[in-house]
Amino acid sequence: MKRSFYKKMAITLIAWSAAIFMFFPILWMLLAGFKTEIDAITTPPLLLFEPTLENYEAVQQRANYIKSATNSILISGGATLLALAFSLPAAYAMAFFPTRRTRSTLLWMLSTKMLPPVGVLVPIYILFRDFGLIDTRIGLILVYSLINLPIVIWLLYTFFKEVPRDILEAGRMDGATSWQELFFLLMPLALPGVVSTALLSIILCWNEAFWSLNLTTADAAPLTAFIASFSAPEGLFWAKLSAASTMAIAPILIFGWLSQRQLVRGLTFGAVK
Amino acid sequence: MSNRRVNTRPLLSPALFVLLLWMIVPLAMTLWFSFQRYNLLTPLTTGFAGLENYKSLLADPSLWTAMLNTILLVASVLTVTVVLGTLLAVLFDQEFYGRAVARLLIIAPFFVMPTVSALIWKNMLMHPVNGLLAFLMSSFGVESIDWFGAWPMASIVMIVSWQWLPFALLILLTAIQSLDQEQIEAARMDGARPIHMFFFIILPHLRRAISVVIMIETIFFLSVFAEIFVTTSGGPGLATTNLAFLIYIRSLLEYDVGSASAGGVIAIILANIVAIFLIRTVARTLEV
């Protein structure tokens, strides 16, 4: 009994050290956001300091912060809605009316996700230029919904597979059409799955930093690109960088914590459950 | 299941159509451009280039440096994340105090956008004068290092590993938790020591999950871009230029569409080699 207690204490100690070690950069950033610029660069580093909100005010006052935050919200939300609009019917069809081709269709969809973005950077850039989509929110919404479409369809498909069939059966007996079945029977049952799929899609869009850096300049730049603008040093900027970063990651960190399980499922295409 | 016939075509075809378009059009354009003389700075020189773009690219030492850097980056981050991820997964599978909270903390880096993590590491942790690492090293009497000057690739590897270790941990932990507890109990009854259990029960059980982690991470690591973009811009010299960054330089900075497209084709081929194995593994677990 005693031995197992010591063992548990030892494991607690090691595991918590690892957790704090990994979380430390985020914690350090969080703290720096509440320091003055001078306190943020002081050596030896300050653990105790007089907290200030001046960085948060300074960042809010930058016109492009508000714009970028709005862009991030609109682009992640828009791309997720668009992806769902295409995925819900498709996943429904494949989960409930599988044909001989369903399996290969799913695998083919997965294969489109394997295309490395750099491989198609040139044509996408040129197409965007020709259609006037560079630095527009619509452009990024289109790209993001397409790159996440396979993941969204896969996840919805696995969730739909878990819905008990008897209930849908009963609805059919009562003469529900496919669309009625989809919206009034399946949706309420699969809603938790749909919500976590949407969360995962929002996380992936929010943090995407290849297309956002290459296809936007000012008007449509989301937070990933806004933060990147801090890479050109401008005097003392660590505290402001930290405040801006904290605001940029906070909502997504919470979403991520809420959807851990679905994340594993979505990112491994169901190969690890 | 009643055998009501449902026409699934109107449900399925919109998604299939846009995905097909998204895949075929850019792919065909990349291939097409890679055989063209096409530089946005000299719009008058056009025409079929044959294999010229490929020849000049393959003869260019910067391509080989970039390939080597890509492989180095992928291999190092894979090693770090898979080895540490496995050990941490075993650790976090044990009962201990505050496990749920510790777990939230340790997976947090995965949700930090790449530009934020790269800049926080570059400035606040790895800055040679005011960074926290410099302070820690000097307080242990070690001379501080100019990380991005002296060890540019190692610095990038550190940042990317920090972001992706939680991913490996999360997936491997999920896989460990599906391990049959009775099997563990039986092994313990037979007097198996923890080290034996790790090598003869846990590792074999994790084999598929580990291979999935390796394949998915490889596909992502082949295209690491933002971390390099905001820290080193591929430098010093070409020290941190990977294939993705080289293509970016060629296309959006030098406007050499032909050469960049040839590079894109090479990147696509590399990714596909990995993708084939990944799709096979997924196909094995897919029940329709």
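A quick note: this is a predicted structure, and the numbers were derived from the prediction, not measured. (Residues numbered from 1 in each chain as written. Chains lettered and ligands numbered in written order. Predicted model: local features only at pLDDT ≥ 70, side-chain atom pairs only at ≥ 80, totals over all residues.)

### Focus on the overall build of chain B
Scanning chain B from terminus to terminus reveals 13 helices and zero strands. Reading the helices (α) and strands (β) of chain B from amino to carboxyl end gives α-α-α-α-α-α-α-α-α-α-α-α-α. The C-alpha radius of gyration computed for chain B amounts to 24 Å, which surpasses the reference 19 Å derived for 288 residues by more than 25%, pointing to a less compact arrangement than a globule. Along the first, second and third principal axes, the C-alpha set of chain B runs to 80 × 75 × 30 Å. Going through the 288 residues of chain B one by one, you find that 44% of them count as buried. In chain B, 72% of the contacts between residues at least 6 apart in sequence involve partners at least 24 apart. (Helix = DSSP H or I, 4+ residues; strand = E, 2+ residues; numbered from the N terminus. Rg over C-alpha atoms; globule rule 2.2 N^0.38 Å. Buried ≥ 20, exposed ≤ 12 C-beta atoms within 10 Å, placed from the backbone. Contact = placed C-beta atoms within 7 Å.)

### Regarding the overall build of chain A
Looking only at helices and strands, one finds 13 helices and zero strands in chain A. By its C-alpha atoms, chain A is 70 × 70 × 35 Å across when sized along the principal axes. Expressed as a percentage of its 273 residues, the buried residues of chain A come to 52%. Within chain A, contacts between residues at least 6 apart in sequence are counted, and of these 79% link residues at least 24 apart.

### Thoughts on the confidence of the model for chain B
Summing up the model confidence of chain B, the mean pLDDT is 86 and the portion of residues at 70 or higher is 97%. For this predicted complex, the interface confidence comes out at an ipTM of 0.85, alongside a pTM of 0.87. (pLDDT = per-residue confidence, 0-100.)

### Regarding the nonpolar core
Among the nonpolar cores identified, the biggest contains 182 residues, and I171 and L172 of chain B are the most heavily contacted of them. Once you skip the residues sitting within four places of it in the chain, I171 of chain B turns out to touch V264, T268 and V272 of chain A together with A209, V212 and V213 of chain B. (Core = buried A, V, L, I, M, F, W, Y, C linked by C-beta atoms within 7 Å.)

### What about unusual backbone geometry?
All names here are of chain A. Although it is not a glycine, D135 sits at a positive phi angle of roughly 60°. The topology assignment puts D135 in the loop between helix 6 (121–130) and helix 7 (137–161). In this structure D135 comes out as partly exposed when scored by C-beta crowding, with 15 C-beta atoms within 10 Å.

### Looking at the interface of chain A and chain B
Residue-level contacts link 87 residues of chain A with 85 residues of chain B. For the side of chain A that touches chain B, the element with the most residues is helix 1 (residues 2–32) of chain A, which contributes 16 residues. Looking at the side of chain A that touches chain B residue by residue, the class counts come to 65 nonpolar, 17 polar and five charged. (Nonpolar A, V, L, I, M, F, W, Y, C, P; charged D, E, K, R; others polar.)

### Overview of the environment of G264 of chain B
In this fold, G264 of chain B is placed in helix 13 (residues 257–285). Residue class for G264 of chain B comes out buried when judged on the 31 C-beta atoms lying within 10 Å of it. As for G264 of chain B and A15 of chain B, which are separated by 249 residues in sequence, their C-alpha atoms are 26 Å apart. Those residues within four positions of G264 of chain B in sequence are excluded, and the remaining contacts are V118, G119, V120, L121 and V122 of chain A together with T30 and I247 of chain B.

### Some thoughts on the packing of helix 6 of chain A against helix 1 (residues 9–34) of chain B
Viewed as axis vectors pointing N to C, helix 6 of chain A and helix 1 of chain B meet at an angle of 105°, and their least axial separation amounts to 8 Å. The angle between the axes of helix 6 of chain A and helix 1 of chain B places the two elements in the roughly perpendicular class. Across the interface between the two elements, V122, P123 and I124 of chain A of helix 6 of chain A pack against P26, M29, T30 and F33 of chain B of helix 1 of chain B. Considered class by class, the residues forming the contact of helix 6 of chain A with helix 1 of chain B number six nonpolar, one polar and no charged. (Axes fitted to C-alpha atoms, helices over the stretch in contact; angles between N-to-C directions. Parallel < 35°, antiparallel > 145°, perpendicular 65-115°, else oblique.)

### What about the confidence of the model for chain A?
The share of residues in chain A with pLDDT of 70 or more is 98%, and the mean pLDDT across the chain is 86. By mean pLDDT, the top-scoring element of chain A is helix 10 (residues 211–215) of chain A (92), and the lowest-scoring one is helix 8 (residues 165–173) of chain A (77).

### Considerations on the packing of helix 7 of chain A against helix 13 (residues 260–267) of chain A
Any two packed helices are characterised by the angle at which their axes cross and by the distance between the axes. All names here are of chain A. Their axes nearest at 9 Å, the elements helix 7 and helix 13 cross at an angle of 115°. Between helix 7 and helix 13, the interaxial angle falls into the category roughly perpendicular. Crossing of helix 7 over helix 13 shows right-handed handedness. Facing helix 7, whose interface residues are I151, L155 and T158, helix 13 presents Q262, R265 and G266. Grouping the constituent residues of the contact of helix 7 with helix 13 by class yields two nonpolar, three polar and one charged. (Left-handed = near helix turned anticlockwise from the far one by under 90°.)

### Structural notes on helix 5 (residues 114–125) of chain B
Helix length check: helix 5 of chain B, at 12 residues, gives a terminal C-alpha distance of 15 Å against a target of 16 Å (1.5 Å per residue), a fit within 8%. Along helix 5 of chain B, 12 of the 12 residues are buried, which leaves the element largely enclosed by surrounding structure. (Expected span 1.5 Å × (residues − 1).)

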